[in-house]
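Survey of secondary and tertiary structure
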Amino acid sequence: MLENLEAAISAVKEKLPGMKLLENEPMAGHSSFRIGGPVRALASPSDVTGLSKLCDILKEHHVAPFILGNGTNILFPDEGLEDLFIVSTEKLQKLFLLPDGAIYAEAGVSLARVAAFAQENGLTGLEFAGGIPGTLGGGCLMNAGAYGGEMKDVVESVVYLYIPDQCMYEIENSNCAFGYRQSMFQKTPGCIILSAVLRLQEGDRQAIAERMHELGEKRREKQPLDYPSAGSAFRRPEGHFAAALIDGAGLKGYRVGDAQVSEKHAGFVVNRGSATSHDVYDLMMYVRNTVYRDTGVFLEPEIIILPPDYHLEDNGPAVSRNQIRFGG
Ligand SMILES: Cc1cc2nc3c(=O)[nH]c(=O)nc-3n(C[C@H](O)[C@H](O)[C@H](O)COP(=O)(O)OP(=O)(O)OC[C@H]3O[C@@H](n4cnc5c(N)ncnc54)[C@H](O)[C@@H]3O)c2cc1C
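Residues numbered from 1 in each chain as written. Predicted model: local features only at pLDDT ≥ 70, side-chain atom pairs only at ≥ 80, totals over all residues. Heavy atoms only, no water.

Some words on the domain arrangement of the chain
- Its domain assignment divides the chain into domain 1 (2–87), domain 2 (95–207) and domain 3 (225–312).
- The C-alpha-based centres of domain 1 and domain 2 are spaced at 24 Å.
- In this assembly, 13 residues from domain 1 lie in contact with 13 residues from domain 2.
- In total, domain 1 and domain 2 occlude about 1,000 Å² of area from one another, counting both sides; carbon and sulfur atoms represent 68% of this.
- On the domain 1 side of the contact with domain 2, Cys-55, Lys-59 and Asn-70 bury the most area, a combined 35% of that side's loss.
- Top element by residues in the side of domain 1 that touches domain 2 is helix α2 (residues 48–60). It accounts for 6 residues.
- In terms of residue class, the side of domain 1 that touches domain 2 is built from 6 nonpolar, 5 polar and 2 charged. (Domains from an automatic or database assignment. Contact = heavy atoms within 4.5 Å. Buried area = accessible area lost by both parts, 1.4 Å probe. Helix = DSSP H or I, 4+ residues; strand = E, 2+ residues; numbered from the N terminus. Nonpolar A, V, L, I, M, F, W, Y, C, P; charged D, E, K, R; others polar.)

Written as structure tokens, this is what we have:
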């Protein structure tokens, strides 16, 4: 496997000399948690053609890349990863109105920018996304949402590159299998979201701006935005709120190393300075086990924990650290 990755990296350097390729790049700088060791290679294709050529080389060498948006929903391991990441944010930045009034946005555009663009054009429906720090691509994959809105309410269609057959597809909202913080893109490995068309309603610019301001204030008041985090650590369990359960278990402020259950909002795990991925992981395990013991409710992580085989096991609360492989 490692030989494949090294061969792929050499081939990228030889065949795509103009492509930005960072080697052994520390992921802490690409993560809103400010946590993570070096990834073997981080590629930023300059356009879809470059992306497609890169995917060709990776396919030839049997290397499956990981797609990175703004890194606001991911816990990277301190040990680093022998992987190749493709950054979608740097170049996929087009954002404009289509003749029929819909918004066309490429995957790397930030949700905040798309929401501001909608407001400037008097389009309502995306106010909820103004404070979500991810990209359009990450937002579509996660079906990001807040304050009663979700991407599934506004996405009309999504264009993606499917690595296995190197074809581009456009699919309608109804085929995206959007659900609570999920979509078909999560379940279908090899999809790189390139762009989406968003269908909004006409509205009053001033009213939209006021609603966005109000939601921004709510965020600042309730969320620990002064510390690095990856947003809500756990998914909302059916019939409950994760933050209320964690608070009820007396865990607000609970700390493992420099990882802490936020004192402001128990649904967030924050980095108080130099938290390691192990600190965050151990804290999340402790929270999960305690909440399960106290309430019988099993919390599932919303944060994507890398590598994929290092996850909070879903076989009950008796899981201990040493049952879990870390770092491959
Ligand atoms: C302070 C804070 C507040 C937050 N508030 C909210 C909130 O209110 N609501 C909410 O839903 N989330 C929230 N989040 C979480 C996060 O911002 C969202 O999940 C966001 O959609 C992730 O986007 P991203 O670009 O950062 O994706 P990343 O974190 O980079 O990636 C997330 C997933 O998307 C995949 N991905 C990214 N781009 C692409 C692409 N182009 N093609 C295919 N796959 C891709 C990645 O492989 C990964 O699996 C918050 C996070 C923080 C730090």
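A look at the packing of aromatic side chains
- Summed over the entire model, instances satisfying the criterion amount to 8 aromatic pairs.
- Summarising the aromatic geometry, the rings of Phe-76 and Phe-85 are spaced 5.8 Å apart at their centres and angled 40 degrees between planes, so their arrangement reads as tilted. Comparing Phe-76 with Phe-85 shows no difference in burial state: the two are buried.
- Seen in terms of ring centroids, Tyr-292 and Phe-298 are 5.7 Å apart; in terms of plane orientation they differ by 85 degrees. Their pairing is edge-to-face. (Phe/Tyr/Trp six-rings, centres within 6.5 Å; stacked < 30°, edge-to-face > 60°. Buried < 20%, exposed > 50% of the residue type's maximum accessible area, 1.4 Å probe, protein only.)

Observations regarding the packing of helix α1 (residues 2–15) against α2
- Look at α1 against α2: their axes get within 9 Å of each other, and the N-to-C directions meet at 145 degrees. Considering only the axes of α1 and α2, their crossing is right-handed. Together, Ala-8, Ala-11, Val-12 and Lys-15 of α1 and Leu-54, Ile-57, Leu-58 and Glu-60 of α2 make up the contact between the two elements.
- Here the contact of α1 with α2 is built from residues that sort into 6 nonpolar, no polar and 2 charged. (Axes fitted to C-alpha atoms, helices over the stretch in contact; angles between N-to-C directions. Left-handed = near helix turned anticlockwise from the far one by under 90°.)

Observations regarding the site of the ligand
- In the neighbourhood of the ligand, 34 residues make up the surrounding shell, with Ile-67, Thr-72, Thr-135, Gly-145 and Arg-219 lying closest.
- A distance of 2.5 Å is found between an oxygen atom of the ligand and a backbone nitrogen or oxygen belonging to Ile-67.
- Here Thr-135 contributes a side-chain N or O atom positioned 2.6 Å from an oxygen atom of the ligand.
- Isolated, the ligand exposes 970 Å² of accessible area, and the fraction of that covered by the protein chains is 93%.
- Put simply, the parts of the chain that give the shell around the ligand at least two residues each are β3 (66–68), α4 (136–142), β9 (145–146), β13 (191–198) and β15 (229–232).
- Looking at the shell around the ligand element by element, the count peaks at 5 residues for α4.
- Broken down by class, the residue content of the shell around the ligand amounts to 17 nonpolar, 15 polar and 2 charged. (Near = heavy atom within 4 Å. Polar contact = N/O pair within 3.5 Å; in protein donor to acceptor, adjacent residues only side chain to side chain. Areas by Shrake-Rupley, 256 points an atom, 1.4 Å probe, with all protein chains shown as cover.)

Digging into α2
- In this model α2 runs 18 Å from its N-terminal to its C-terminal C-alpha over 13 residues, within 8% of the 18 Å that 1.5 Å per residue would give.
- Where α2 is concerned, the buried positions are Gly-50, Leu-51, Leu-54, Cys-55, Ile-57 and Leu-58. One face of α2 carries all of its buried residues, which in axial projection span an arc of 160 degrees.
- Elements in contact with the buried residues of α2: α1, β2 (38–44), β5 (81–87), β11 (155–162) and β13.
- With a side-chain oxygen lying 3.3 Å from the backbone nitrogen of Thr-49, the N-terminal cap of α2 falls on Asp-47.
- His-62 sits one or two residues past α2 and shows a positive phi near 55 degrees. (Expected span 1.5 Å × (residues − 1). Arc of directions from axis to C-beta.)

Some remarks on the sheet that holds β15
- Strand order in the open sheet formed by 4 strands is β15-β18-β17-β16, with antiparallel pairing between adjacent strands. Either end of the sheet is taken by a strand with one partner, and the two such strands are β15 and β16 (255–256).
- In the sheet, strand β17 (residues 259–261) pairs with strand β18 (residues 268–271) via 3 bridges, with the strands oriented antiparallel. Bridge pairing in β18 links Val-261 to Val-269.
- Helix-sheet contacts for helix α8 (residues 277–295) involve β16, β17 and β18, and the interaxial angle to β17 is about 30 degrees. (Pairing = 2+ DSSP bridges.)

Some points on the environment of Ala-209
- Turning to its location among the elements, Ala-209 is positioned in helix α6 (residues 205–222).
- Residue classification places Ala-209 among the partly exposed residues on the basis of a relative accessible area of 29%.
- Along the backbone, Ala-209 and Gly-122 are 87 residues apart, and their C-alpha atoms lie at a distance of 9.4 Å.

What to know about the side chain of Glu-25
- Here Glu-25 lies in strand β1 (residues 20–26).
- Buried charge without a partner: Glu-25 forms no salt bridge, and the closest opposite charge is Lys-20, 7.9 Å away.
- A distance of 2.9 Å separates polar atoms of two side chains, one belonging to Glu-25 and the other to His-30.
- Residues within four places of Glu-25 in sequence aside, it is in contact with His-30, Gly-37, Pro-38, Val-39 and Leu-42. (Lys, Arg positive; Asp, Glu negative; His and termini not counted. Salt bridge = Lys/Arg side-chain N within 4 Å of Asp/Glu carboxyl O.)

Some points on the pattern of salt bridges
- On inspection of all chains with the given rule, the structure shows 19 salt bridges.
- Residue Asp-100 pairs with Arg-199 through a salt bridge whose shortest N-O separation is 2.8 Å. Remark: Arg-199 occurs in the loop between β13 and β14 (201–202) and Asp-100 occurs in the loop between β6 (95–97) and β7 (103–106); sequence separation between them is 99 residues.
- Note on Arg-199: relative accessible area 29%, which makes it partly exposed.
- Among the ionic pairs, Glu-302 bridges to Arg-181, the shortest N-O distance being 3.7 Å. Taken together, the residues Glu-302 in the loop between α8 and β19 (304–305) and Arg-181 in the loop between β12 (167–172) and α5 (184–187) connect sequence positions 121 residues apart.

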